[in-house]
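Structural features, examined
Spelled out, the chains give:
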Amino acid sequence: MTEQSIPMIDLFAGCGGMTSGFVAAEGYQPVMAVEWDLHAAATYAANFGEDHMRWADIATIPNDEVPPADLIIGGPPCQGFSALGAQDVHDPRNKLWQEYIRFVRHAAPKVFVIENVDRFLASGEFALLESEARPGGLLEEYVLTVALLLAADFGVPQRRKRAIVIGSRIGEIPVPAPTHARSGDLPRWHSVRDVLTGLPEHPTRTTLPLSRVEVFGTEVPGRFKSEDLHIGRNPTPLSLRRYRAVPPGGGRFDLPYELMPRCWQEKKTGTTDVMGRMRWDEPSLTIRTEFYKPEKGRYLHPQWEPGDDGHRVDRPITHLEAARLQTFDDTFEWCGTKIQVAKQIGNAVPPMLAKALAQHIKPYLTGVESTRSRCALCPE
Ligand SMILES: C[S@@+](CC[C@H](N)C(=O)[O-])C[C@H]1O[C@@H](n2cnc3c(N)ncnc32)[C@H](O)[C@@H]1O
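Quick caveat: nothing in here was measured; it's all calculated off a predicted structure. (Residues numbered from 1 in each chain as written. Predicted model: local features only at pLDDT ≥ 70, side-chain atom pairs only at ≥ 80, totals over all residues. Heavy atoms only, no water.)

1. Focus: the side chain of Thr19
In plain terms, the rule: Helix numbers and strand numbers start at the N terminus; a helix is a DSSP run of H or I with at least 4 residues, a strand a run of E with at least 2. Burial classes: relative accessible area under 20% of the type maximum marks a residue as buried, over 50% as exposed, and values in between as partly exposed (1.4 Å probe, protein chains only). Two N or O atoms count as a polar contact when they lie within 3.5 Å, although within protein this holds only if one can serve as hydrogen donor and the other as acceptor, and sequence-adjacent residues are included solely when both atoms are side-chain atoms. In this description, contact between two residues means that some pair of their heavy atoms is separated by no more than 4.5 Å.
Note that Thr19 resides in helix 1 (residues 17–24). On the basis of relative accessible area, Thr19 is assigned to the buried category, the value being 0%. At 2.7 Å, the side chain of Thr19 forms a polar contact with the side chain of Asp10. With residues up to four places along the chain from it excluded, the contact list for Thr19 reads Met8, Asp10, Pro30, Tyr44, Phe48 and Ile73.

And the structure:
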């Protein structure tokens, strides 16, 4: 650790999307990360080192093994239980939040940053957190700043809305200001085109390479480079006919009746994004863990032209394309099966959003004004 670096703990670290952004912002030094999913922990270890990754259930890590740190990042998965549940301290669903608070109490960070799904702010978990930050609560030293941020406003080519809570015991830290916008004076939102252009339209492989790597004394599939992640699927002729029928921005409602699955034939209303096709010149919608299934969201490749001879790419995005839409650098390495890697990608905090948060918070932690580095996706 360098003299000036900020020691940091990442809880529920996943593959390390959030750590990736903080490390890229420079000046932060991970001293512990906790993740119980073997393959996600392995991906984290491949990129940031095995020495400080604790592959374990957070509840099994004793207090005396929690290192001191100036910053804790990461948020427990939110189950969105009712606000009523939060009043019951014995509610088992509080457990992960109590673990998070236990780490804050023992590491005594100056600041903690929680990222979570947008519905978190209406959940019992959030009510619990807020109540602990009131006088007499376990987090009473901390002032909370709460915001709903749109990843596209921070340079991510994706309309991913996330709840961010910044807890600080060194004075209130305001919400970071957007660096990009749909229109106006700031640089424009990045689009799908900015990150997908140039990738082969027709991936030649449908599986990951067969390599395995040893991590935590056990073997896992990996380490895969970004180009290994450009893998296609084997859609049925019926699926292909469905994909062909959907133009950019369209979805299940563009399917002719005879191509609709029975459940859609019977349900004329409902989610419009399923079987959706992206638009080249807009950010994507949220990339979730099953982005390889077009029936689950707007995941079809944006290339589509009308007419019989139209140039179409009739497939969902590949793992590499999803990783790019999440702003993972092409140098990031991955461990796990196809399904596990997809889960890691979809669960991650986009590194570019995390980097914006890291740059925003750094001056409060160091007392030194930081200069914002240039956006990796914006032209020089
Ligand atoms: C939303 S993901 C975190 C994503 C991560 N912040 C990133 O940017 O890549 C939440 C993670 O919490 C992990 N998790 C859930 N319960 C856990 C527990 N009891 N102990 C440790 N990790 C846990 C899950 O395996 C999952 O990877």
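Here the narrative resumes.
2. Focus on the site of the ligand
Let me state the cut-off plainly: Here a residue counts as near a molecule or strand whenever at least one of its heavy atoms sits within 4 Å of it. Note on areas: these come from Shrake-Rupley sampling with a 1.4 Å probe, and a residue is covered only by the protein chains present in the view.
Near the ligand you find 18 residues, and of these Met18, Glu35, Asp57, Ile58 and Val349 are the closest. Ala13 is positioned with one of its backbone polar atoms (N or O) 3.4 Å from an oxygen atom of the ligand. Between Met18 and the ligand, the recorded distance is 3.0 Å, taken from a backbone N or O atom to an oxygen atom. Here the ligand loses 88% of its free accessible area of 610 Å² to cover by the protein chains.

3. A word on the domain arrangement of the protein chain
Under the convention used in this document: Domain start and end points were adopted from an automatic or database domain assignment. Here, a salt bridge means any Lys or Arg side-chain nitrogen found within 4 Å of an Asp or Glu carboxyl oxygen.
Segmentation of the protein chain into domains returns domain 1 (6–185 + 348–366) and domain 2 (192–344). Relative to domain 2, the C-alpha centre of domain 1 lies at a distance of 28 Å. Taken together, the contact pairs 28 residues of domain 1 with 27 residues of domain 2. Taken together, the links from domain 1 to domain 2 amount to zero salt bridges. Applying the counting criterion to the domain 1 and domain 2 interface returns 17 residue pairs in polar contact (both at pLDDT 80 or more). Only helix 1, helix 2 (38–48), strand 3 (53–55), strand 7 (158–159) and helix 10 (351–366) provide two or more residues apiece to the side of domain 1 that touches domain 2. With 10 residues, helix 2 is the largest single contributor of residues to the side of domain 1 that touches domain 2.

4. A look at the pattern of salt bridges
Under the criterion given, the structure shown has 15 salt bridges. The partner of Asp70 in a salt bridge is Lys110, and the shortest N-O contact between them spans 3.9 Å. Note that Asp70 is positioned in the loop between strand 3 and strand 4 (71–73) and Lys110 in the loop between helix 3 (95–107) and strand 5 (111–117), a separation of 40 residues in sequence. On the basis of relative accessibility, which here comes to 24%, the residue Asp70 falls in the partly exposed class. Its salt-bridge partner being Arg324, residue Asp330 comes within 2.6 Å of it at the nearest N-O pair. Judged by relative accessible area, which is 33%, Asp330 ranks as partly exposed.

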